[in-house]
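Residue-level listing of the chains:
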Amino acid sequence: MLGPPAWAAVAELARAPAQTCVLTDFDGTLAPIVGDPADANALPGALDVLHRLARRFGTVAVVSGRPAAFLVPRLALGEGRSPLRAYGSYGAERAGPDGHVTAPERAAHEAEAIEAAARELEAGLPAGVEVERKRWSVALHWRNAPAERERAEHLATATAGRHGLSPRPARMAVELVLPAAPDKGSAVASLAAGARAACFLGDDSGDLPAFAALDELHDRTAAYTSRIAVASDESPPDLLRAADVVLDGPATALAFLAAIADRAAAR
Ligand SMILES: [Mg+2]
């Protein structure tokens, strides 16, 4: 299931667990993509592997575009299992191992821009396309109406422009985000700072800034870094090009993480 590049990464990442940072995206990486984003859950066994890694490794965290409060129960944070942490909303929100979420205050005009954009999207929505309100963005999903992609993209771009939001592409979706909203790069840079080895697993365009943050860490400190794409038939070509290792879907991503945990335990 894992090819030679994946095994080489496993060996490097398991070499010095206490100084190693294991970071991963959630949707499409640990959790199979489902029709209704609210139903997404990590694969069976994924939480055991994540918490096992977090008990042994320097830093283990999930960095996702989802709100941190969405991630807390889905990662079993706050149950005393391990120091596993989560960064939500691309790093704007944090959930600690105790499940407590911290998020900066949203300015009134930011909340208004998100809400006004969400209402405008809803008013012009092609059938089957869905609006997902988030704290720092509003997402438009056409997974259940793929034929409406062009109309949905056009609607999203026009709406973003009217409300000062930036369109950010995602799998069968586009997210309209506040101009000051972070990307995953700053979360990864701060989580991996000082690590001797670090990896990030992701499946989508929103994971490219995380890959770039690992590159920057490697260039600055010579830390071993591994950018891991979790592939699907929707993979953005840029992500596959930027990756050191390509894994075939969430089941293989889980096998990869389990291999790191097993290798570290065998040392
Ligand atoms: Mg993802």
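As shown above, the structure is provided for reference.
From a predicted model like this one, the values you see are computed outputs, not experimental measurements.

**Thoughts on the overall build of the chain**
Part 1 of the argument: Counting its regular elements, the chain contains nine helices and 12 strands.
Part 2 of the argument: Expected size for 267 residues packed as a compact globule is a radius of gyration near 18 Å; at 18 Å, the chain falls within 12% of this value.
Part 3 of the argument: When the backbone C-alpha atoms are referred to their principal axes, the chain occupies close to 60 × 35 × 35 Å.
Part 4 of the argument: The buried share among the 267 residues of the chain stands at 54%.
Part 5 of the argument: Sequence separation of 24 or more characterises 63% of the internal contacts of the chain that already satisfy a separation of 6 or more.

**A word on the coordination of the magnesium ion**
Part 1 of the argument: Looking at the magnesium ion, the protein donor atoms are Asp 25 (OD), Asp 27 (O) and Asp 203 (OD), and they sit 2.1 Å from it.
Part 2 of the argument: One chain supplies every donor to the magnesium ion, and in sequence these donors are spaced D-x1-D-x175-D. Here Asp 203 lies in the loop between strand S10 (197–202) and helix H7 (208–221) and Asp 27 lies in the loop between strand S1 (20–24) and helix H2 (46–56), a separation of 176 residues in the sequence. Asp 203 matches Asp 27 in its accessibility class, with the two residues each being buried.

**Thoughts on the sheet that holds strand S7 (residues 137–141)**
Part 1 of the argument: Ordered by their spatial adjacency, four strands build an open sheet running S6-S7-S9-S8, and the pairing between neighbours is antiparallel. Of all strands in the sheet, those with a lone pairing partner are strand S6 (130–133) and strand S8 (166–170), marking the two edges. In this sheet, adjacent strand axes meet at a mean angle of 20 degrees when their direction is disregarded.
Part 2 of the argument: As paired strands, S8 and strand S9 (residues 173–177) are joined by five bridges and run antiparallel to one another. Among the inter-strand pairings, Pro 169 is bridged to a residue of S9, identified as Val 174.

**Examining the sheet that holds strand S3 (residues 85–88)**
The pairing of strands in a sheet comes from backbone hydrogen bonds and takes either a parallel or an antiparallel form.
Part 1 of the argument: A sheet is described by the order of its strands in space; here eight strands give the open sequence S5-S4-S3-S2-S1-S10-S11-S12, paired in mixed fashion. Strands with a single pairing partner mark the edges of an open sheet, and in this sheet they are strand S5 (101–102) and strand S12 (245–247).
Part 2 of the argument: Here three bridges tie strand S2 (residues 59–63) to S3, and the two strands are oriented parallel to one another. Across the sheet, the residue bridging to Val 62 is Ala 86, located in S3.

**Let's talk about the pairing of S2**
Part 1 of the argument: For S2, a buried count of five out of five residues is recorded, marking the element as mostly surrounded by other parts of the structure.
Part 2 of the argument: Of the two faces of S2, the one carrying Thr 59, Ala 61 and Val 63 and the one carrying Val 60 and Val 62 are both buried.
Part 3 of the argument: Taken together, the four bridges between S1 and S2 define a ladder with parallel strand orientation. Each bridged residue has a counterpart across the sheet, and for Thr 24 the counterpart in S2 is Val 62.
Part 4 of the argument: Between the parallel elements S1 and S2, the chain passes through H2 in a crossover that is right-handed.
Part 5 of the argument: A crossover connection joins S2 to the parallel S3 through helix H3 (residues 68–74); in handedness this β-α-β unit is right-handed.

**Some remarks on the layout of surface pockets**
Part 1 of the argument: When its volume is computed, the largest pocket comes out at roughly 220 Å³.
Part 2 of the argument: Taken together, 16 residues make up the lining of the largest pocket; nearest its centre are Arg 149, Glu 153, Pro 169, Ala 170 and Ala 173.
Part 3 of the argument: Within the residue set of the lining of the largest pocket, elements represented by two or more residues are helix H5 (149–163), S8 and S9.
Part 4 of the argument: Looking at which element gives the most residues to the lining of the largest pocket, the answer is H5, with four residues.
Part 5 of the argument: Residue composition of the lining of the largest pocket, by class: nine nonpolar, two polar and five charged.

**Some thoughts on helix H1 (residues 4–13)**
Part 1 of the argument: Of the residues making up H1, those classed as buried are Ala 6, Ala 9, Val 10 and Leu 13. Viewed along the axis of H1, the buried residues span an arc of 105 degrees, placing them on a single side of the element.
Part 2 of the argument: Buried residues belonging to H1 abut S1, S10, strand S11 (224–230), S12 and helix H9 (249–266).

**Focus on the pattern of salt bridges**
Part 1 of the argument: Tallied over the full model, the rule gives 21 salt bridges.
Part 2 of the argument: Its salt-bridge partner being Asp 25, residue Lys 184 comes within 2.9 Å of it at the nearest N-O pair. Of this pair, Lys 184 sits in helix H6 (residues 184–192) while Asp 25 sits in the loop between S1 and H2, and the two are 159 residues apart along the sequence. For the pair shown, Lys 184 and Asp 25 are each scored as buried.
Part 3 of the argument: A salt bridge links Asp 244 to Arg 227, with the nearest nitrogen and oxygen atoms 2.6 Å apart. Taken together, the residues Asp 244 in the loop between helix H8 (237–242) and S12 and Arg 227 in strand S11 connect sequence positions 17 residues apart.
Part 4 of the argument: Judged by relative accessible area, Asp 244 falls into the partly exposed class, the value being 36%.
Part 5 of the argument: The exposure class of Arg 227 is buried, given its relative accessible area of 18%.
Part 6 of the argument: Through salt bridges that share partners, Glu 115, Arg 119, Glu 122 and Arg 133 make up one connected network.

How each quantity is defined
Residues numbered from 1 in each chain as written. Predicted model: local features only at pLDDT ≥ 70, side-chain atom pairs only at ≥ 80, totals over all residues. Heavy atoms only, no water. Helix = DSSP H or I, 4+ residues; strand = E, 2+ residues; numbered from the N terminus. Rg over C-alpha atoms; globule rule 2.2 N^0.38 Å. Buried < 20%, exposed > 50% of the residue type's maximum accessible area, 1.4 Å probe, protein only. Contact = heavy atoms within 4.5 Å. Donors = N, O, S within 2.8 Å, 3.2 Å for Na, K, Ca; no water. Pairing = 2+ DSSP bridges. Axes fitted to C-alpha atoms, helices over the stretch in contact; angles between N-to-C directions. Right-handed = clockwise from strand over helix to strand, strands pointing away. 1 Å grid on protein atoms, 1.4 Å probe; cavity = no way out; pocket = protein on both sides within 12 Å on 5 of 7 lines; lining within 4 Å. Points joined across faces, edges and corners; volume = space filled by probe spheres on them. Nonpolar A, V, L, I, M, F, W, Y, C, P; charged D, E, K, R; others polar. Arc of directions from axis to C-beta. Salt bridge = Lys/Arg side-chain N within 4 Å of Asp/Glu carboxyl O.

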